[in-house]
Structures are given as structure tokens and as C-alpha cells.
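# Structural overview
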Amino acid sequence: MSTQNTQEQKPQDDKVVASESRRNFLGALTAAPLAVSGLGALLKPTEALAADITPAAVGGELCGGLSQVQRADRALQIRIKLARDDRNLPLVPHPNNGDELRYSNGIGTFSKSLPHNRFGEPDVNALNALIAAMRSGRQADFNAIPLGGDRRLVNPQAGLAFDTEGREPHNIAIRPAPRFSSAEEAGEMAELYWMALLRDVDFGDYDSNPIAQAAVADLSTFSVFRGPKQGGVVTPRTLFRDRLRGCLTGPYVSQFFLLQPGFGSQTIDQREFNLVPGVDHMTAVPAWLNVQNGVNTPVSPIDTSQQVFVHDGRSLSRFVNVDALYQAYFNAAIILLGMGAPWNSGNPYGQTPEGGAGRPLPPGAPVNILNRTQVGFATFGGPFILSLLAEVSTRALKAQWYNKWCVHRRLRPEEFGGRVHFQMTGDRSYPINSELLNSPVLDDVFAANATQNGGQGTYLLSQAFREGSPNHPAYGSGHASVGGACVTILKAFFDGSFVLPNPVMPTHDGLTTIPISA
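So, here's what we can say about the structure. These numbers were taken from a predicted model, which means no experiment stands behind them.

### A few points about the overall build of the protein
For the protein, the count of helices and strands is 18 helices and 6 strands. Looking at the protein residue by residue over its 518 residues, the buried ones come to 40%. Sequence-distant contacts, at least 24 apart, represent 71% of the contacts inside the protein between residues at least 6 apart. Here the protein displays about 28,100 Å² of accessible surface, and carbon together with sulfur accounts for 57% of that area.

### Structural notes on the packing of aromatic side chains
A complete count under the given rule lists 17 aromatic pairs for this structure. Plain terms: the ring middles of Phe-203 and Tyr-252 are 5.2 Å apart, the flat faces sit at 10 degrees to each other, and that makes the pair stacked. On the criterion of sequence distance, the pair formed by Phe-203 in the loop between helix 9 (183-197) and helix 10 (210-219) and Tyr-252 in the loop between helix 10 and strand 1 (262-263) is long-range, its members being 49 residues apart. For Phe-203, a relative accessible area of 12% corresponds to the buried category. You can call Tyr-252 partly exposed: its relative accessible area is 25%. Ring pairs connect the aromatic residues Phe-203, Tyr-206, Phe-240 and Tyr-252, which therefore count as one cluster. Sitting over the face of the ring of Tyr-252, Arg-241 holds its NZ or CZ atom 3.9 Å from the ring centroid. Residue placement shows Lys-404 over the ring face of Trp-401; its charged tip is 5.1 Å from the ring centre.

### Here's the deal with the nonpolar core
In this structure, Tyr-193, Leu-239 and Leu-436 are the most contacted members of the largest nonpolar core, which totals 52 residues. Among the secondary structure elements, those contributing two or more residues to this core are helix 9, helix 10, helix 11 (285-292), helix 13 (327-338), helix 15 (413-424), helix 16 (434-437) and helix 17 (441-452). Here the element with the most residues in this core is helix 9; it accounts for 7 residues. Apart from residues no more than four positions distant in its own chain, Tyr-193 is found in contact with Gly-417, Val-420, Leu-436, Val-441, Leu-442, Val-445, Tyr-459, Leu-460 and Leu-461. By size, the runner-up hydrophobic cluster in this structure holds 21 residues, among which are Leu-337, Ile-385, Ile-489 and Phe-494.

### Considerations on the environment of Leu-62
Inspection of the secondary structure assignment puts Leu-62 in the loop between helix 4 (46-50) and helix 5 (68-87). By relative accessible area, which is 58% here, Leu-62 ends up exposed. Filtering out sequence-adjacent residues up to four positions away, Leu-62 remains in contact with Ser-67 and Gln-70.

Rules and cut-offs
Residues numbered from 1 in each chain as written. Predicted model: local features only at pLDDT ≥ 70, side-chain atom pairs only at ≥ 80, totals over all residues. Heavy atoms only, no water. Helix = DSSP H or I, 4+ residues; strand = E, 2+ residues; numbered from the N terminus. Buried < 20%, exposed > 50% of the residue type's maximum accessible area, 1.4 Å probe, protein only. Contact = heavy atoms within 4.5 Å. Areas by Shrake-Rupley, 256 points an atom, 1.4 Å probe, with all protein chains shown as cover. Phe/Tyr/Trp six-rings, centres within 6.5 Å; stacked < 30°, edge-to-face > 60°. Lys NZ or Arg CZ within 6 Å of the ring centre and 35° of its normal. Core = buried A, V, L, I, M, F, W, Y, C linked by side-chain atoms within 4.5 Å.

And the structure:
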């Protein structure tokens, strides 16, 4: 709905529109057996409910010290105050790296699924149509975006969505992405090239693997490299990790990828069917160009002969490719709840979860003085934290999808890899930082891609999947945003000093786990 229509809509019309929307939705639900058997009794129309209401239940009876009318008024006051507080927050600026204006031919802008020339440069008219649709927000403009194939863009209008809870998603900013020509972009791309070459190497083997040794030596030479270092250099222990506190502690793979979540009466086996090792994709120009144009690709081959734990780059990419977005953090919460991990000391119902059904406290567990007769459930209990993970995930996505589509529109690394390839072959000239062009990683990439292509080498960034990266801009990261939001919830609700008992690590082949030696 346009802003103009929203402003002109009368209050009574709002009620009619909302009612029609709910009616259409519930009408669709009635086709489902669940709706007929369960929801039908709950979702009664107002007229039907009127027959069930007795005079004693209207308005006067107290619950929590408030009558029904008082509570309705109080709820309205709270919601208005929250909305006003959010509106009164300072509006944050949204600077981007300027590449979209700097390169009018679109070489620095996300363009997957649009039409491209033979060098993978986007059709400027199609790119302008995408930008125009993002600026107008009109459905007709989105439908008018020319595509180069059958694959569609992933949810660009999510960045236009409003939210009724939390901070307005448009008022959350991230720093500009590195510029196309910058030394920081060169460092990031070199890291990704090395990551692709190490895709099938177990994380625990980085100390002895010669490719990993070459990677840390090369990455240490870049003038701007944001990854963690030890003693001023990249090491096998810091390779591909983050600088956040705790990220260099322990093995590469989190315990929450290896332990078995107790999902109610079920136990979840966290092993997965992995992608076929040694098979990389988009290493030849025709396949790479098809993906840029949005041509549908076959499903990537899966090794169904055995299941493995996450233990290398390929198995981790497999998980991220098909996970239920906040799945890893939901599993982490389930694991913590199942082992009776203590709550944060600020939990008003005490420090030890009771499992949601009021199970007895473990021997010696502290009892909260303020709540001797209560345990948390819908608030400050197990169901509360599990539902919060979903809540913060959708809000993180809305905020990040605004940044992705409306602000940054950063090209994908696989797109940048095409720029590197045609620069190295002399077919095109791009303002790529010389630190990347002079890096030894490109020779190794050329040789590895030649192995995949019957001797025909390229400088393309190989992909774990035939379709490459998702069809939405690279920056910011949806998974990283959801991860940050969910980890914040987990850290807020559980005691951060709690030590997970009996830690394990995956074997080198990922087939099983072994105890971590002291």
C-alpha cells in the first residue's frame, strides 16, 4: 500500500480492510484438517463468541489487580509509549561504499539473475530497473525488472517491511562495505580464495596442511586484513576465525554442532549428508556466466553413503545452505535446557531451569527467594527463550534486508571473482587492488580450477554449490545477523560462566566424535 493511500484511508476503512484480510486468511486455513479440527474452535467470529459471554465476565473481574477495561487501557498506553520512544530515537545515517555511483557500468554492484554480457557485467538498464524498484517500492516496478533466466531475486521487499515490535528496522545501520578497489577488499577476496582451496581440509589439520601454511603466510602480507592475528601475523589457529571475544578459544567446531539435542521425546543426530568431496562448481566461465544470468542449475551432488559431523569447510557450507536459519541456535538452547545449564543470575524465577513442567530442582540448586512457589514458563522459562530466538531472527532479517537491498547492494564474492578472472586474462581492465592480483593464491586457484575443468584453468572463485551464492546482495550477512541476535539471547538468559561438561571434537573424517584431551 502506498504512503498516499495509507494517509487517505479513514479509520473505519482500516477496520474493514483488516477484517477482510483476516477473513481471507482464515478462509484459507479452513481447507486444512488442522484448522477444521483445532483452530475452528478457537477462531470464532465475534457474533459466535457473544453467545458464550456471561454478564459476570464482562469488564469487572480483576486479574493482576486490573479489570478487563483497565488492562485494555494500560496495554494501549504501553504500546503508544513504546512507539513514541522508538520514533524519538535519533535517525542513523546509512552510508555505503559509493561503488554504485563510482562505476556506472555496474561492476561493483550486486546483479545476480539480471542479464549480463559475456564478461559478466550487468545490463545497465536491468540494474537501473532494480534500483528504481527498490526506491519506489511499487509492485509493478518489481515485476518490470528484467531477469536473465528463471531464478528470481530473494525477497528484496523484505527491506521495505515495517515491524510492530522492537526498533524500527530501517534505523539500524552497519558500516560501509570495503570499496571495490580497496586493500581491504583485496584481503577479503584472498581469504575467500584460500578458503575455497581448503574446503575439504579438516579444521584440525590446518597446523600441518601445506595449503593452510601457504594461506597464513600470504594473508599476513596484506596491508589491510581484518581477520584475527597472533603476534601480528595470521596463524593456522586464527585462520578463517573472527576477532570477537572467545572466537580463538577451543577447537573450530562448536560443541553445539556435535552434542545431541533432546527434542522432546526425540534425540536429534547432528550428523549430515555432506556434499561430494572434491567437486567444486562454477570453475569454468560458461557455468559461472549461466549462474550470473539466473539460469537454473541442477541440485549439487550429495554423498548419501555416510553421514558426518561438521568438520571442514564443505560440511559447514552444506549446513548453512539448507539450515532453518536459526536452527543452530535453537539446538544450542535445547542442549543447554536439557543439561540443566543455569540461568543468568538476573532471572526472576531463579538460576536453574526446571524443564518447563516444574520438575524438581537438582540437589543443591539455589532457590530464588522472591519466587519460592513459581517457575518460569511462558515468561522467563524454556518456551520463552525458544520463542525469542525466532522473534529476534525475523527482526534481524528485516533490518539486514533493508541494508542489503536499499543501502549497500554489494556484489557477491563470486561476482568479484569474475572481475579478477577477466582482469588476469587481459580481457578487461578493472580497478582491482594490486595486492590481490600479485597474490600467489591466484596461481593456486588457476591450477585447482584446471583440475576441475580438464586442464582449462580460470581465476574464478569456486563454489560449493552449482547455484553459487544466494540471490541477494552480499552485505550485510543474513546468517551473521541472525547469529548475532540469537547468541545475544542465549548469553542474556544463560549463565555465561557455565562450562559444558565432557567436551568432544569431530574425528578427521567427521564420522564420529572423540573426547577433547585435557
